[in-house]
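Results of the structural survey
Residues per chain are reported as follows:
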Amino acid sequence: MGARGRLRVLLGAAPGVGKTYTMLEEGTRLVGEGKDVVVAVVETHGRAATSAMTQGLEILPRRTVAHRGVELTEMDVDAVIARRPLVALVDELAHTNAPGSRNDKRWQDVDELLDAGIDVISTVNIQHIESLNDVVEQITGAPQRESIPDAILRKADQVEVIDLAPQALRDRLAGGLVYPAERIDAALSNYFRLGNLTALRELALLWLADEVDQALRHYRAEQGIDSTWEARERVVVTLTGGPEGETLLRRGARIAARSAGGELLAVHVTSQDGLRGANPAALAQQRALVETLGGTFHQVVGDDVPAALVEFAKSVNATQLVIGVSRRSRLLALVTGPGIGATVIREAGNIDVHIVNHDAAGGQFPLPRMGGALTMRRRIAGFALALVSGPLLTWLLVSIRSEESITSDVLAYQLLVVVVALVGGLWPAMFAAVLSGLTLDYFFIAPQFSISISDPLHLVALGLYIANAVLVSYVVDRAARQTRAARRAAAESELLQTVAGSVLRGQGALQALVERTREAFGLAGVRLIVDGQIVARSGEPVTDEHHVAVPVGDRGRLELHGHDLEASEQRLLGVIVAQLGAAIEHDALEVAASEVEPLAASDRVRTALLSALSHDLRRPLAAATASVSGLRAARNALTEEDRDELLATADESLSTLATLVTDLLDVSRLQAGVLAISTTAVDPADTILPALEELGADPQQVELDLDDTVPPVDADAVLLQRVVVNLLANALRHAPTGTKVRIATSTFARSVEIRIVDHGPGIPAERRDDVFVPFQRLGDTDNTTGLGLGLALSKGFVEGMGGSLTPEDTPGGGLTMVISLPAAGSTADLPRSESSMRP
């Protein structure tokens with residue numbers, strides 16, 4: 001078998017951006033270069049420009065598949081393999097083949113062509129990528145049943161985005177270059193909203209950027225390249241919680257802004273045992289500033305600050321690292337050695353390190369940080385101090401020795417033992433005590449220059465030295481442990497404060513806690529499961545085999561993936577688990593509160609209803625009463641014309657009363673949730689035509705654009721007719737003279753839409769919710785229009801039937817009311833492609 005063919009995929013954000021046109025254009029270019037190219041399958045969707053591009057290309061015949069009495073055509077894979085072209089053009093990679101085909105999906109057909117050594121150029125939309133399927137549905141409201149596994153697309157040899165600005169795509173759509181004229185309004189108002197297209201475009205570009213980033217990491221891993229490649233500027237700013245943080249952040253933001261696509265990341269290193277002198281309030285303000293500057297805040301745990309900073313910078317492929325000039329004085333720097341900055345520069349490798357000056361630089365003389373309860377570094381320092389200071393002290397005392405100086409000599413060595421105990425603890429202090437005792441005996445006690453204990457008091461003196469060393473070491477060790485406990489408590493407070501800040505800034509409490517847990521303990525991945533569902537996760541995926549599960553209340557568990565936690569970390573984990581349990585209970589209470597809210601809303605509606613009765617029912621009731629009273633009082637004194645007028649007034653008023661009472665009863669039933677709705681399969685046309693007759697609308701007022709192919713809807717025919725009557729009456733009332741109200745039907749996803757379009761004044765976007773509130777008429781002071789319940793009832797009726805009623809702008813000005821109802825029956829088993837996706 002020969003070499004496998006190469007796959008090139010043209011990725012688009014939405015239908016109509018030009019994927020198929022570009023594919024055919026590329027095929028024409030290759031033919032011009034003498035390459036053997038065939039069109040295996042292409043969907044022109046009736047677009048003239050796309051159809052014209054097929055001229056001059058060899059188009060292979062499709063095979064015909066019969067399904068439920070319908071003849072469908074699919075790509076003939078065997079014919080393409082038998083023809084063996086150099087390049088095959090295959091449109092719509094995510095297409096579902098007709099039942100009975102050899103493969104369920106077109107991408108499987110393409111895989112056969114690639115195995116046969118044929119290069120393939122294909123197309124796909126961003127909404128068909130499996131991992132983005134649910135995201136696209138949230139954006140557009142249209143579920144996508146056709147999808148392609150991410151792995152198939154990632155294995156493509158070349159993926160390129162066919163990009164088009166959202167407004168340019170809408171202009172192309174409005175010009176009839178994408179869909180037929182009768183589908184333009186529906187498309188512009190639904191799938192092709194400007195916000196939808198912008199979000200889809202961002203998804204497509206981000207997906208490709210992620211793919212490029214993964215390819216780059218894969219290549220570097222294969223080649224064993226550890227150095228940083230500056231494909232994109234990633235600037236890491238280190239925050240200590242000190243006053244210099246804002247200066248560093250703004251400098252880092254300026255560095256990141258100098259290159260397109262630059263990223264700003266801020267990192268704060270927390271030790272396992274404390275805050276390292278961080279100011280929680282200042283750190284919270286700096287975190288808020290990071291988010292304002294468009295960056296992200298990270299918190300890592302590490303006792304070795306320089307190593308933790310460099311490790312984090314390398315893990316995010318940082319190109320720049322910004323740190324502040326040390327706040328230590330020069331004297332302290334000489335005593336304690338090189339600081340964090342010098343160590344970071346030495347270990348950063350190819351990462352550029354910026355050391356930024358600030359007002360607090362070198363202005364303090366703090367005591368050396370103790371770093372915990374007698375660390376190995378402190379003990380080594382204690383031994384070193386004893387070894388270096390002992391001989392120096394001996395030389396000094398010998399040079400000034402006299403007969404009367406023995407007391408000061410003893411006290412000097414005693415002071416040395418205390419200092420060593422303060423620095424290094426017990427074992428260095430005992431070493432210094434023994435060493436100083438022997439030195440005193442050798443140099444200062446007769447007989448000199450020999451070690452002999454002839455007097456028992458000398459042995460007692462040595463014992464006192466050691467006792468002093470042990471006591472001082474105990475005090476130092478106890479103080480260090482208390483300091484460590486205090487810093488541990490401060491670290492816990494900082495963690496909880498960070499979580500609280502995340503929640504206040506709008507981040508979910510559960511997600512914030514999970515993210516801070518992973519960062520605080522340096523874990524690879526953390527996830528929270530409540531009632532069997534993953535509600536929050538952070539870091540790498542947590543495998544079911546290798547993790548530690550911690551119960552969270554009665555409903556959840558926290559799963560940790562990474563290293564085992566130390567005993568000192570378990571208490572902090574317990575605090576986090578308690579916070580998680582409280583957050584879960586809070587969410588449950590919010591759900592319960594949301595269930596109570598409709599009851600309060602119903603009470604408000606009833607209150608408004610009683611208020612409206614005294615006003616809106618008074619006029620027709622008074623008119624009917626006056627008419628009947630006039631008829632009874634005047635009797636035969638009235639002329640025939642006056643009698644007819646009074647009867648007509650009474651009849652009109654009583655009819656108005658009947659309508660108002662009916663609406664009141666209906667809205668009360670809606671609010672109480674007891675409206676009887678009986679849904680059946682209803683043809684939308686069967687409710688639209690009777691509504692026109694009820695209103696007496698003629699062809700000069702209404703234009704019908706009913707699609708014969710729309711399926712029936714699940715609806716209550718009587719209620720649906722009342723909805724259409726209400727909406728159509730409003731549209732006719734507000735439509736300018738000489739214009740028609742248009743009623744159109746169409747399908748969108750698995751719903752049927754009835755669109756009532758007028759070209760009147762429309763409704764401002766900020767007032768659209770008000771039109772569905774009972775007793776609102778948006779400034780209409782004509783009391784003959786009733787209680788203002790028409791749209792409230794219409795919305796309630798439609799939602800009771802499982803649909804939705806939404807107002808939209810009419811292209812060119814006006815208001816479009818869209819009734820969306822679920823389609824009855826099922827045509828879902830028919831194969832669908834882009835051509836069958838009706839917006």
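So, here is what we can say about the structure in this document. Nothing here was measured: the structure is a model prediction, and the numbers come from that model. (Residues numbered from 1 in each chain as written. Predicted model: local features only at pLDDT ≥ 70, side-chain atom pairs only at ≥ 80, totals over all residues. Heavy atoms only, no water.)

In this section: the overall build of the chain. Each helix and strand counted, the chain has 25 helices and 24 strands in total. Look at the contacts in the chain between residues 6 or more apart in sequence, and 71% of them connect residues 24 or more apart. (Helix = DSSP H or I, 4+ residues; strand = E, 2+ residues; numbered from the N terminus. Contact = heavy atoms within 4.5 Å.)

Next up on the list: helix H24 (residues 717-734). In a regular helix each residue adds 1.5 Å, so 18 residues correspond to 26 Å; H24 covers 26 Å between its end C-alpha atoms and thus fits that length. Burial in H24 covers these residues: Leu-719, Leu-720, Val-723, Val-724, Val-725, Leu-727, Leu-728 and Ala-731. (Expected span 1.5 Å × (residues − 1). Buried < 20%, exposed > 50% of the residue type's maximum accessible area, 1.4 Å probe, protein only.)

Spatial strand order, S3-S2-S6-S7-S1-S8: six strands in an open sheet with parallel pairing. Here the strands that pair on one side only, and so sit at the sheet edges, are strand S3 (58-59) and strand S8 (158-162). With four bridges connecting them, strand S2 (residues 37-41) and strand S6 (residues 87-90) associate as parallel partners. Each residue of the ladder has a partner; that of Val-39, found in S6, is Leu-89. The strands that helix H1 (residues 19-32) touches are strand S1 (7-12), S2, S6, strand S7 (119-125) and S8; relative to S7, the one it contacts most, it runs at about 165 degrees. Where helix H4 (residues 106-115) meets the sheet, its contacts fall on S1, S2, S6 and S7, and the angle it forms with S6 comes to roughly 180 degrees. (Pairing = 2+ DSSP bridges. Axes fitted to C-alpha atoms, helices over the stretch in contact; angles between N-to-C directions.)

In this structure the tally under the stated criterion is 25 salt bridges. For Glu-160, the salt bridge goes to Arg-8, with nearest N and O atoms at 2.8 Å. Separated by 152 residues along the polypeptide, Glu-160 in strand S8 and Arg-8 in strand S1 bring together distant segments of the chain. For Glu-160, a relative accessible area of 22% gives the class partly exposed. Relative accessible area serves as the criterion here: at 18%, Arg-8 is assigned to the buried category. (Salt bridge = Lys/Arg side-chain N within 4 Å of Asp/Glu carboxyl O.)

Right, let's get into helix H23 (residues 684-695). In an α-helix there are 3.6 residues to a turn, and that puts residues three or four apart on one side. With twelve residues, H23 extends 17 Å from end C-alpha to end C-alpha; this agrees with the ideal 16 Å at 1.5 Å per step. Three or more residues of H23 are buried, namely Pro-684, Thr-687, Ile-688, Ala-691 and Leu-692. End-on, the buried residues of H23 take up no more than an arc of 135 degrees, which puts them together on one face. Of the residues in H23, the exposed ones pointing more than 90 degrees away from the buried face are Asp-686, Glu-693 and Glu-694. (Arc of directions from axis to C-beta.)

This brings us to the packing of helix H15 (residues 376-399) against helix H16 (residues 406-424). Relative to each other, H15 and H16 sit at 165 degrees, their axes nearing to 8 Å. On the basis of their axis angle, the class for H15 and H16 is roughly antiparallel. The element H15 and its partner H16 pack so that their crossing is right-handed. On H16, the residues touching Arg-378, Arg-379, Ala-381, Gly-382, Leu-385, Ala-386, Ser-389, Gly-390, Leu-393, Thr-394 and Leu-397 of H15 are Asp-409, Ala-412, Tyr-413, Leu-416, Val-419, Val-420, Leu-422, Val-423 and Gly-424. Its residues placed into classes, the contact of H15 with H16 shows twelve nonpolar, five polar and three charged. (Parallel < 35°, antiparallel > 145°, perpendicular 65-115°, else oblique. Left-handed = near helix turned anticlockwise from the far one by under 90°. Nonpolar A, V, L, I, M, F, W, Y, C, P; charged D, E, K, R; others polar.)

Turning next to the sheet that holds strand S14 (residues 525-530). In space, the four strands of this open sheet follow the order S15-S14-S17-S16, with antiparallel pairing throughout. Lying at the two open borders of the sheet, with one neighbouring strand each, are strand S15 (533-539) and strand S16 (548-552). Sheet twist, expressed as the mean angle between neighbouring strand axes with direction ignored, is 15 degrees. Sheet topology note: the S16/strand S17 (residues 556-561) ladder contains five bridges and is antiparallel. Paired with Pro-551 across the strands is Arg-557, a residue of S17.

This brings us to the packing of helix H12 (residues 305-315) against helix H14 (residues 340-347). Orientation of H12 relative to H14, taken along the N-to-C sense of each, is 40 degrees, at an axis distance of 9 Å. When the axis of H12 is compared with that of H14, the two are oblique. Crossing angle aside, the handedness with which H12 passes H14 is right-handed. Residues Val-305, Pro-306, Ala-307, Leu-309, Val-310 and Lys-314 of H12 lie in contact with H14, whose contacting residues are Ile-340, Thr-343, Val-344 and Glu-347. Classifying every residue of the contact of H12 with H14 gives seven nonpolar, one polar and two charged.

What follows deals with the nonpolar core. For soluble globular proteins, nonpolar side chains are generally found buried alongside one another. Grouped together as the largest cluster of nonpolar side chains are 63 residues, with contacts concentrated most on Leu-89, Val-90, Leu-113 and Ile-126. A per-element tally of this core places helix H9 (residues 194-223) first, with six residues. The contacts of Leu-89, once residues within four sequence positions are left out, are Met-23, Leu-24, Gly-27, Val-37, Val-38, Val-39, Ala-40, Val-41, Leu-57 and Ile-121. Ranked by size, the runner-up nonpolar core spans 34 residues in total, among them Ala-697, Val-702, Leu-805 and Leu-815. (Core = buried A, V, L, I, M, F, W, Y, C linked by side-chain atoms within 4.5 Å.)

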